[in-house]
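Each chain, written out:
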Amino acid sequence: MKPTDIKDPEYFHKVVDCQYACPAHTPVPHYIRLIAEGKYSEAYMVNWDSNVFPGVLGRTCDRPCEPACRRGRLDKEEPVAICRLKRVAADNKDDVKKMMPKGPFKQNGKKIALVGAGPASLTVARDLTPFGYEVHLYDEQKSGGGFMRSQIPAFRLPEEVLNEEVNFILDLGVHTHFNTYVKSLKELLAKDYAAVFVGTGAPRGKDLDIPGRKEADANVHIGINWLSSVAFEHTKKIGRNVIVLGGGNTAMDCCRTARRLGGENVKVLVRSPFAEMKASPWEKEDAQHEDIPILDNHVPKTFVVENGKLKGMTFEKVKAIKDEKGKRQLIPTGEAPVFVEADDVLIAIGQENSFPWIERDLGIEFDEWGLPKVDEKTHVSTHPKVYFGGDAAWGPKNVITAVAHGHQAAISIDLMCKGKDQVKDRPAPFTNLVSQKMGIHEWSYDSPVTNDTRFVVPQADKKLTLKNIKKEVELGFDVHTACKEAERCLNCDVQTVFSETKCIECDACMDVCPTSCINFIDYKEDENDLRKSLKIPAENMTQSIYLSGPLTTKRVMVKDENVCLHCGLCAERCPTSAWDMQKFFYNVTKAGKV
């Protein structure tokens, strides 16, 4: 094993677990410190540069950053409320438009078409418009936002929050074509666009083909279509008894929306065990808080219709077992079928892509599941001028993933338009590594590790929220609580940087380290042997170990990055400053940098 190359931008990036886990690689600890300092506008702009929709994502993100949070590795601790702190920046910012690019921009003569006005397309528009591209945005809805507008209920995402962040982008000078359904990609390509980006999402909800489905059709609704109908106020009521089929976040949105439209007895029934549901844990908790039971291990068998009217459904009870290969199987328990009464049924069992408007003679290849063949790095399809991103590329994911796709597709489109190679000429991320030392015992950041447990985000009284579909449930942190929550962050982007030439091998850093992650040991060539020989073996192979070159005694310093708290005690204790706390900044590059 060779000494660690800390000049490799991906080494310390991986150590900042939350940022590394974020698809858009938002500099999480950086903006959290700004929130703790009361610099909400600056924190908002750090987010806006990376994830484009801080106010939206501060309410609705799937939070891939939080399971990765280093704080969650401490004994019985919960991760920092990263997502809800993002909302604090959005709710308390000042006028941030003055910090954003201002048009009109000098045109470069290139026209770009974006199909679908969801997060992926809007990100492409945000990234390309300031560099002189004439961006045309097409969507069949009356406003931008895509599935953020039609699928996320107003009690989770107020319309004014979405409108503000969509308009930040449109106001850059995007040419909008709303209420326009693109019927033919061939016709679009004929309009002299340099590139077409497809960000139409996964607009087709899966149906359920079981006995009685056709007869019950009037009272059976596809979940995403029904949510859209509610969002645009075409649907304003539902029956008293409601069954929601499915275990994902869409099912949770359906059941909670149904409660607000008159569903007094709403139940969620899902095939899988409760713990294996795809819905986020907090989404399940919110549904249960609103008195919605979730019945797991129930497989739908029939719709029961009498005299042309839906009466309910029957379900088979199952249990989940794993075979010798670890694959889960649902085995019937042998119990009698379960009948559940229903006036309406909402089906939320998955979504699929649909491209009826893309002709199959354009050179765009599709796989056996109807998905376009798209390069994972460049997002270009098998047609050199057509790019895909968001759910349209690889199926249903989430908003933050769509944003990440948009950034990368914008880079590719920009490179293509400049005649450059979309892989070889792809710009590297911006990184920086700067010492935080202010004096012998002073640092430019707040380094103590607080003992606070995660603070709870308050919610409005459900007696009020269940009566008003537009009443936001979560109230967000107040600024005092936000500051306390922000201080729980361990500053994982402030790295412990080691200098072999300054080390006198006194082992003082080993003595003071609270997690025993620092070791001075004899070198072993094999990484597994090296990991096992540490004071506490470094068993998490997904995180790196920091290996120095040989020291005076021929020993090496080995640090387990997985359990380091970034507390700075090693740098504080070191008599020769062989350890230093250096802030690592990593920012994914955007279009226009080459």
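No experiment lies behind these values; they were computed from the predicted model shown.

The rules behind the values
Residues numbered from 1 in each chain as written. Predicted model: local features only at pLDDT ≥ 70, side-chain atom pairs only at ≥ 80, totals over all residues. Heavy atoms only, no water. Phe/Tyr/Trp six-rings, centres within 6.5 Å; stacked < 30°, edge-to-face > 60°. Helix = DSSP H or I, 4+ residues; strand = E, 2+ residues; numbered from the N terminus. Buried < 20%, exposed > 50% of the residue type's maximum accessible area, 1.4 Å probe, protein only. Salt bridge = Lys/Arg side-chain N within 4 Å of Asp/Glu carboxyl O. Contact = heavy atoms within 4.5 Å. Expected span 1.5 Å × (residues − 1).

I'm lost on the packing of aromatic side chains in this one. Help?
Remark: the centre distance and the inter-plane angle together describe each pair of aromatic rings, the angle taken between the planes. Evaluated as defined, the whole model comprises 11 aromatic pairs. Ring plane angle 65° and centroid distance 6.2 Å describe the contact between F498 and F520, whose orientation is recorded as edge-to-face. Within this pair, whereas F498 is found in strand 18 (residues 494–498), its partner F520 is found in strand 19 (residues 518–522), the two being separated by 22 residues in sequence. Like F520, F498 is buried. Aromatic rings pair up to connect Y11, F12, Y546, F584 and Y586 into one cluster.

Just to check I follow, could you spell out the pattern of salt bridges for this structure?
In a structure, side chains of opposite charge can pair up when their charged atoms sit close to one another. Overall, the coordinates contain 41 salt bridges when judged by the stated rule. Residue R240 is joined to E264 by a salt bridge in which the shortest nitrogen-to-oxygen separation is 3.1 Å. Pair noted here: R240 is in the loop between helix 12 (223–231) and strand 7 (241–245) and E264 is in the loop between helix 13 (249–260) and strand 8 (265–269), with a separation of 24 residues, a long-range link. We classify R240 as partly exposed; its relative accessible area is 48%. Residues D291 and K462 are paired through a salt bridge, measuring 3.1 Å at the closest nitrogen-oxygen approach. Pair noted here: D291 is in the loop between helix 14 (281–289) and strand 9 (294–295) and K462 is in helix 17 (residues 462–465), with a separation of 171 residues, a long-range link. Given the relative accessible area of 25%, K462 is considered partly exposed. Here the residues in one salt-bridge network are R59, R87, D91 and E472, joined through shared partners.

Would you mind going over the environment of K327 with me for this structure?
When you line up the elements, K327 lands in the loop between strand 11 (309–322) and strand 12 (328–332). Residue class for K327 comes out exposed when judged on its relative accessible area of 58%. Apart from residues lying up to four places away in sequence, K327 is in contact with I321 and K322.

Teacher, can you tell me more about helix 13 here?
Two residues of an α-helix separated by three or four positions point the same way, owing to the 3.6 residues in each turn. Its 12 residues give helix 13 an end-to-end C-alpha distance of 17 Å, which sits within 8% of 16 Å, the value for a rise of 1.5 Å per residue. Among the 12 residues in helix 13, 11 count as buried, and that is most of the element. Of all the residues in helix 13, the buried ones are N249, A251, M252, D253, C254, C255, R256, T257, A258, R259 and R260. Looking one or two residues past helix 13, G262 carries a phi angle of roughly 110°, positive in sign.

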